Structure formats: structure tokens, C-alpha cells
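# Commentary on secondary and tertiary structure
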Amino acid sequence: MSEPKPRPDPSGPTSRRSFLRTGLALGGAVGAGVGTGAFAGRAAAAAPEAKNLPPNVPEWSQSLGDGVVSRPYGRPSKFEADVIRRDVEWLTASRQSSVSFTPLHQLEGIITPNGLGFERHHGGIAEIDPAEHRLMIHGLVEKPLMLTLEDIKRFPRVNRIAFLECAANSGMEWKGAQLNGCQFTHGMIHCVMYTGVSLKRLLEEAGLKTSAKWLLPEGADAAAMTRSVPIEKALDDAIVAYAMNGEALYPEHGYPLRLVLPGWQGNMWVKWLRRIKVGDEPWHTREETSKYTALMPDGQARRFTWAMDAKSVITNPSPQAPIHGKGFTVLSGLAWSGRGAIKGVDVSLDGGRNWRAARLDGPVLDKALTRFYYEFDWNGEPLLLQSRARDETGYVQPTKAALRQHRGLNSIYHNNGIQTWHVLPSGEIENVEVA
């Protein structure tokens, strides 16, 4: 699949009709590269052989298949080879400090397979021998610890389903519609079940001093990733995890240990965790001063923005998943909030003029992805698809215009504005904005 190309910043007419004419004209080349063109190629490749269609006996029913253990570690069907993470090479100077995107439009339910969860690295993937890895806990503690992986596994275990979202997810969209596909606009997120040890339990083992207020977790990768974490979060629901979805962490997700901070921005979930220093004030590291802050319209820097606000996206239909003809259509999407559980999702077919309640299905969990559906009959008319999430705190996902009015245009972080997909009469879909 071709990588996406950026859209020019939308400007000029602000009426809905004028804006859409401008936006769609600018985005034609993008749609051909990432949306319909790539999808059409897959559809053509999947054209059925007449000899394998009923009433004929298909070729795979006429001979024995592979036996057990012919595939010692299971893998998807070869016909699902396009369900992969993808990157946008021009976004960063190197792939060692870059990101790949989860194919949200091709997934079902709320759990992300381990091999498809997005990646964000600052110094490439660290390949660590667990026998030579240690977790140090030191600083303002009574008893500094040096723990092996096996030591950690002897503590009581906890399991937690949680989403992990990069603070820069949807960041390219801050100044206007840029990337054509929810994999690229919203794909820096995944949701898995983590298994590990409560960080509170480990800190209790070390014995916190009364002056302990902050933690500095550090990764063992080449970037030595560090972030300041307030002690309140550490003593609440933080986990030192060594497994996800029932198996050991993958190297790209922090094997053998990573920090899990449910609901908080992914930059703080330090991977390849090797050290936790306990202190009495934040360290103001590079990743919380020059990075992961935002300049507000009044010139003040917005920092320590830990929790991810309520957000949603329609994954199907979307630019990489067009509608295949008129008739009954299942609209599907994902919603999440770093401040609690999702209470409801509304869907609009006309760019926010009218809203309808979507149906939540599957588990609705605290700080986890929630799947929603809305079924309707499509008559071939153009649509402007939107979704709007609300969480248990009463917070309602804002429009992009409302978000920019409050925070200006100097940010790439924490963009949880409502996303719009424009459905054309052909069933092809474009990323647009409505005024």
C-alpha cells in the first residue's frame, strides 16, 4: 500500500459547501494513494476463481493440508497479508525514532493483536537478554532493590485491559485534514491485556520515604527514555508488565519489562524498563520540556498533560474501507477515555447537524477501547460521517474548531477533535473537515 501524502492546509471559504469543494479537490491524489486505489488493488487480487465457486468442489477440499506443528507459531492466513502496521516514512528523519500505525480499519472487537499494535521508538528496538536485565528501584526508599525478571514474577500478579495512545495521535490533523485513512489519522493506539505486578507493591517492598513525591522511570534503549511520574499515579493503577495478551511482551513493546500507566499518554509508558528513581520533585527531562508540551495562544506552555481525553473514530466506513454499494451498511468504530469508561457514542451522517445514538457492544471497561456500531441503509447519497464520545465524567468529545479555539494552532499533542469522513456516491471516502 502506498504511503499517505500530506494535504495542504485548508484555507479560504468557511462555508460547509465551499470548504468541502476545496478540501476534496486538494485531496484527490491522497485518496488514490491510500484509500480507494490501494483497496481496488486488493479487491482485484482477491477476484475468485470460477472453478472454486459452487457447485464445483474447491481445490482446497481435494487434498490434505499442512499437519500440526507445521506452523509452530501461528500466523494469519496468506490472504490477510495486507493487515499490517504501516509507517509514513517522510514523517521522521529515521525509522529508529519514528512510529508505525495500527490498522484500525481492519480490526474487530477491542483487543489489538500483539503483532499489530503501533510502535513508537526514540532509539530503535532494544533486543534484551532477560537473564542479563535488571530493574533497579532507588532514591528516596528505605531499601534499594535490584530485581531480576524472575524476582518480579514471584510477586502477586495483576491483569488489566487498557488502551495505550501516543500523545501525538492525530497530531498531523491539528491544522487541517492531512492523512487519508484512520490507520494514519488515529492509528497510534492499541488496546491489550497486560500482565505484571502492581507498581505500588514493588514500591512498598522498597519502602517509600515520606518525602517521596515523584518517580523517574528509565528505559534500557539507546534513547534512555525518561519521564517524571507523580507518586499518586504510581500508587493507584500503575503496573510493571512483562506480558500482553497472554504472552511475553514483544521487543517493540518493551520486552522484557515496561511501565503501564492506564489512561495516560504513551510517552510515559517507559519500555525496556531498567530503573525507577524515587525523588521529591519532577526532573524536567527532554521529553517533558522541549517535547510533549504545547504552546498556548497566550504564550504559556501546556505541560504535564498526562490523561488522554475522550475520543472516538469511525473505522468502517473510512478512506481505507469504502462502502461496497447501496443498501444495509454497518458502521463501526472505537471510543476511549483516559478518565474512565465510555458512557455513550453518538453518530452523525450529515456532518454534525443531527446525531443518533450508536450501539455499544462487547465489554465497556475503564480506560479501554470500546466498540460501537450504527446500522443504516445507504441510498448512494453523499454522507459526512462523524462520531462523538462521552465518558463517565460527563466530558463530551469536542469539535476540532472548539479545540483550536481553546488551544490555538501550535500543538500536535492531545488532538481529540471529532473526525469527519466524506462518503462519495461511488462509496469512496475522503478525510475532510466541515466548518
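To be clear, the structure that these remarks concern was listed above.
For the structure given in this document, a descriptive report is provided here. (Residues numbered from 1 in each chain as written. Predicted model: local features only at pLDDT ≥ 70, side-chain atom pairs only at ≥ 80, totals over all residues. Heavy atoms only, no water.)

### Here's the deal with the environment of Asn245
Test applied: Segments assigned H or I by DSSP are reported as helices when at least four residues long, segments assigned E as strands when at least two residues long, and all are numbered from the N terminus. Each residue gets one of three labels from its accessible area relative to the maximum for its type: buried under 20%, exposed over 50%, partly exposed in between, using a 1.4 Å probe on protein chains only. We call two residues in contact whenever any of their non-hydrogen atoms come within 4.5 Å of each other. Two N or O atoms count as a polar contact when they lie within 3.5 Å, although within protein this holds only if one can serve as hydrogen donor and the other as acceptor, and sequence-adjacent residues are included solely when both atoms are side-chain atoms.
As for its placement among the helices and strands, Asn245 is situated in the loop between β10 (239-244) and β11 (247-248). Accessibility expressed as a relative area gives 27% for Asn245, which makes it partly exposed. Separated by 85 residues in the primary sequence, Asn245 and Arg160 have C-alpha atoms spaced 9.9 Å apart. Residues within four places of Asn245 in sequence aside, it is in contact with Ile111, Thr112, Pro113, Asn114, Val192 and Met193. There is a polar contact of 2.8 Å between the side chain of Asn245 and the side chain of Asn114.

### Some points on the sheet that holds strand β8 (residues 214-219)
So the rule is basically this: We treat two strands as partners when DSSP finds at least two bridges between them.
Taken together, five strands build an open sheet; the order of strands is β5-β4-β13-β8-β9 and the sheet is mixed. Two strands close off the open sheet at either side, each with one partner strand: β5 (145-147) and β9 (229-230). Strand direction decides the pairing type here: β8 and β9, joined by two bridges, are antiparallel. Across the sheet, the residue bridging to Leu215 is Val229, located in β9.

### Structural notes on the side chain of Ser312
Note that Ser312 resides in strand β16 (residues 311-316). Among the polar contacts listed, one links the side chain of Ser312 to the side chain of Ser387, at a separation of 2.8 Å. Within the structure, Ser312 has its side chain in polar contact with the side chain of Gln397 (distance 2.7 Å). If we ignore the near neighbours within four places in the chain, the residues touching Ser312 are His186, Leu334, Ala335, Trp336, Phe372, Ser387, Arg388, Ala389 and Gln397.

### Thoughts on the sheet that holds strand β21 (residues 370-378)
Each strand in a sheet pairs with another by means of backbone hydrogen bonds, the pair being arranged parallel or else antiparallel. Selection rule: Under this scheme, a helix contributes an axis fitted over its contacting stretch, all axes are lines through C-alpha atoms, and angles between N-to-C directions fall in the 0 to 180 degree range.
Taken in spatial order, the four strands line up as β16-β17-β21-β20 in an open sheet, and their pairing is antiparallel. Of all strands in the sheet, those bounded by a partner on one side alone are β16 and β20 (359-361). Taken over all neighbouring pairs, the strand axes of this sheet differ in orientation by 35° on average, direction set aside. Note: strand β17 (residues 327-336) against β21, nine bridges, orientation antiparallel. From the neighbouring strand, Leu334 faces β21, where its bridge partner is Arg371.

### A short note on the pairing of strand β18 (residues 342-348)
Of all seven residues that make up β18, six are buried, and the element is covered over most of its length. Pairing analysis gives six bridges linking β18 to strand β22 (residues 383-391), with the strands arranged antiparallel. Counted as the bridge partner of Gly344 is Arg390 from β22. Bridge count between β18 and strand β19 (residues 356-357): two bridges; the pairing is antiparallel. In the strand pairing of β19, Val347 is matched with Arg356.

### What to know about the nonpolar core
The following threshold applies: Here, nonpolar core means buried Ala, Val, Leu, Ile, Met, Phe, Trp, Tyr and Cys residues that are tied together by side-chain atoms lying within 4.5 Å of each other.
Core analysis: the largest hydrophobic core is formed by 57 residues, its most contacted members being Leu135, Ile137, Leu199 and Leu215. Residues Ile342, Leu369, Phe376 and Trp421 belong to the second largest nonpolar core, which totals 31 residues.

### Describing the layout of surface pockets
The condition is simple: Residues are said to line a cavity or pocket when one of their atoms sits within 4 Å of a point; the points come from a 1 Å grid over protein atoms alone, cavities being sets where a 1.4 Å probe fits but cannot get out and pockets being open sets with protein on both sides within 12 Å along at least five of seven lines. Grid points are joined across faces, edges and corners, and a volume is the space filled by probe spheres set on the points. Residues were grouped as follows: Ala, Val, Leu, Ile, Met, Phe, Trp, Tyr, Cys and Pro as nonpolar; Asp, Glu, Lys and Arg as charged; and all remaining residues, including Gly, as polar. Residue ranges for the domains trace back to a domain assignment, done automatically or taken from a database.
When its volume is computed, the largest pocket comes out at roughly 590 Å³. As for the largest pocket, its lining consists of 31 residues, and the residues nearest its centre are Arg120, Ala168, Met188, Ile412 and Tyr413. Contributions of two or more residues to the lining of the largest pocket are made by β2 (99-101) and α3 (182-186). Each residue belonging to the lining of the largest pocket can be placed in one class, and the counts come to 13 nonpolar, 11 polar and seven charged. Looking at which domains feed residues into the lining of the largest pocket, each of domain 1 (86-299) and domain 2 (311-432) gives three or more.

### Regarding the side chain of Gln386
With respect to the helices and strands, Gln386 occurs in strand β22. Here Thr420 takes part through its side chain, which lies 2.8 Å from a polar atom of the side chain of Gln386. The residues touching Gln386, leaving out its near neighbours within four places in the chain, are Ile314, Asp346, Val347, Ser348, Gly351, Gly352, Trp355, Ile418, Gln419, Thr420 and Val434.

### Quick word on the pattern of salt bridges
Put simply, the test is: In what follows, salt bridge is the name for a side-chain nitrogen of Lys or Arg lying within 4 Å of a carboxyl oxygen of Asp or Glu.
A complete count under the given rule lists 24 salt bridges for this structure. A salt bridge links Glu119 to Arg85, with the shortest nitrogen-to-oxygen separation between them at 3.6 Å. Within this pair, whereas Glu119 is found in strand β3 (residues 119-120), its partner Arg85 is found in the loop between α1 (16-45) and β1 (86-87), the two being separated by 34 residues in sequence. For the salt bridge of Arg95 with Asp87, the shortest nitrogen-to-oxygen distance reads 2.6 Å. The structure contains a network of salt bridges with shared partners spanning Arg160, Lys233, Asp237, Asp366 and Lys367.

### Considering the environment of Trp306
Turning to its location among the elements, Trp306 is positioned in the loop between β15 (301-302) and β16. Separated by 38 residues in the primary sequence, Trp306 and Met268 place their C-alpha atoms 8.3 Å from one another. Among residues more than four places away in sequence, those in contact with Trp306 are Trp214, Arg227, Ser228, Pro230, Gly263, Trp264, Gln265, Met268 and His414.

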